Amino acid sequence: MERTFAIIKPNALADGNAGKIISRIYEEGFTIVGLKKLYLSKIEAEGFYHVHRERPFFDELTDFMASGPCIVMVLQADNAITRWRELMGATDPAEAAEGTLRREFGKSVGVNATHGSDAPETAAFEIGYFFSGLELL
Ligand code: DAT
Ligand code: MG
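The shown structure was predicted, so the numbers you read here are calculated from the model rather than taken from an experiment. (Residues numbered from 1 in each chain as written. Chains lettered and ligands numbered in written order. Predicted model: local features only at pLDDT ≥ 70, side-chain atom pairs only at ≥ 80, totals over all residues.)

## Thoughts on the overall build of the protein chain
Reasoning step 1: A count of helical and extended segments in the protein chain gives seven helices and four strands.
Reasoning step 2: Taken from the N to the C terminus, the helices and strands of the protein chain come in the order β-α-α-β-α-α-β-α-α-β-α.
Reasoning step 3: The C-alpha atoms of the protein chain give 14 Å as radius of gyration, which agrees with the globular expectation for 137 residues (14 Å, within 12%).
Reasoning step 4: Principal-axis analysis of the C-alpha atoms gives the protein chain an extent of 35 × 35 × 25 Å.
Reasoning step 5: The contacts of the protein chain with a sequence gap of at least 6 include a subset with a gap of at least 24, amounting to 70%. (Helix = DSSP H or I, 4+ residues; strand = E, 2+ residues; numbered from the N terminus. Rg over C-alpha atoms; globule rule 2.2 N^0.38 Å. Contact = placed C-beta atoms within 7 Å.)

Here it is in structure tokens:
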């Protein structure tokens, strides 16, 4: 079993789509081992996305992530990192396959409804950024 870190981003909560996304997570066979609702500060969003700090979209991205509450989760399944990224679809909702979460709930490349870790090392950092071991059940 592998764990990955997921976010339901502020646009998806504001649009009332968090429940649908969580339903899909269960339908696809993931176990949600940690979940909480948070309202990130700008500084917390910058710390989470620090690997992108030199990118031109960093300020826009961290403003968006601090624009409203989000839901952070730890998902567990065989091959969870790859399977969650497949369920999300491509970063740009316009390029994401039919049936993926970003295609259905994303608005633009920046406002794309969900986040998922891209490798075991990033999953470990991202899970630890938001959850203590006692919160993972
Ligand atoms: P992903 O979230 O698919 O792993 P990423 O790690 O390349 O994508 O980028 C992190 C987030 O940054 C992404 O979910 C949305 C935002 N982003 C990426 N490319 C962007 C761009 N060209 N313009 C605006 N925002 C962008
Ligand atoms: Mg990424």
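We are not done yet, so read on.
## Remarks on the nonpolar core
Reasoning step 1: Ranked by size, the top nonpolar core spans 25 residues in total, and within it Ala 6, Ile 21, Cys 70, Leu 75, Trp 84 and Leu 101 carry the most contacts.
Reasoning step 2: Where this core is concerned, the elements lending two or more residues are β1 (2-8), α2 (18-27), β3 (70-77), α5 (80-88), α6 (101-105) and α7 (120-130). (Core = buried A, V, L, I, M, F, W, Y, C linked by C-beta atoms within 7 Å. Buried ≥ 20, exposed ≤ 12 C-beta atoms within 10 Å, placed from the backbone.)

## Considering the UniProt feature "active site" (unreviewed entry) in the protein chain
Reasoning step 1: Annotation from UniProt places "active site" (unreviewed entry) at His 115.
Reasoning step 2: In contact with His 115, other than residues within four places in its own chain, are Ala 6, Ile 7 and Lys 9. (UniProt positions renumbered as here; feature names shortened; annotations may be inferred.)

## Quick word on α5
Reasoning step 1: The complete set of buried residues in α5 reads Ala 80, Ile 81, Trp 84, Leu 87 and Met 88. Looking down the long axis of α5, one finds its buried residues gathered within 130° of arc, a one-sided arrangement.
Reasoning step 2: Summarising the contacts, the buried residues of α5 are in contact with β1, α2, β3, α6, β4 (114-116) and α7.
Reasoning step 3: Where α5 ends, the next residue or the one after it, Gly 89, has phi of about 90°, a positive value. (Arc of directions from axis to C-beta.)

## Let's talk about the site of ligand 1
Reasoning step 1: Surrounding ligand 1, one finds His 52, Phe 57, Glu 60, Leu 61, Thr 91, Val 109, Gly 110, Asn 112, His 115 and Asp 118.
Reasoning step 2: Its residues assigned to classes, the shell around ligand 1 shows three nonpolar, five polar and two charged. (Near = placed C-beta within 6 Å. Nonpolar A, V, L, I, M, F, W, Y, C, P; charged D, E, K, R; others polar.)

## A short note on unusual backbone geometry
Reasoning step 1: Phi at Asn 79 takes a positive value of approximately 60°, unusual for a residue other than glycine.
Reasoning step 2: Looking at where Asn 79 falls in the secondary structure, it is placed in the loop between β3 and α5.
Reasoning step 3: The backbone of Ala 113 shows a phi angle near 75°, a positive value even though the residue is not glycine.
Reasoning step 4: As for its position among the elements, Ala 113 is in the loop between α6 and β4.
Reasoning step 5: The exposure class of Ala 113 is buried, given the 27 C-beta atoms found within 10 Å.

## Things to note about the pairing of β3
Two faces, one strand: in a regular strand the side chains alternate between the faces of the sheet.
Reasoning step 1: Relative to β3, β1 is paired through seven bridges, and the arrangement is antiparallel. In the sheet register, Phe 5 faces β3, and the bridge partner there is Val 74.
Reasoning step 2: Relative to β3, strand β2 (residues 31-38) runs antiparallel, the two sharing seven bridges. Across the sheet, the residue bridging to Thr 31 is Gln 76, located in β3. (Pairing = 2+ DSSP bridges.)

## Points about the sheet that holds β4
Reasoning step 1: The four strands lie next to each other as β2-β3-β1-β4, forming an open sheet whose pairing is antiparallel. If you trace the sheet from one side to the other, it starts and ends with β2 and β4, each paired once. Averaged over all pairs of adjacent strands, the angle between their axes in this sheet comes to 20°, without regard to strand direction.
Reasoning step 2: In the packing of α7 onto the sheet, the strands contacted are β1 and β3, and the crossing angle to β1 comes to about 60°. (Axes fitted to C-alpha atoms, helices over the stretch in contact; angles between N-to-C directions.)

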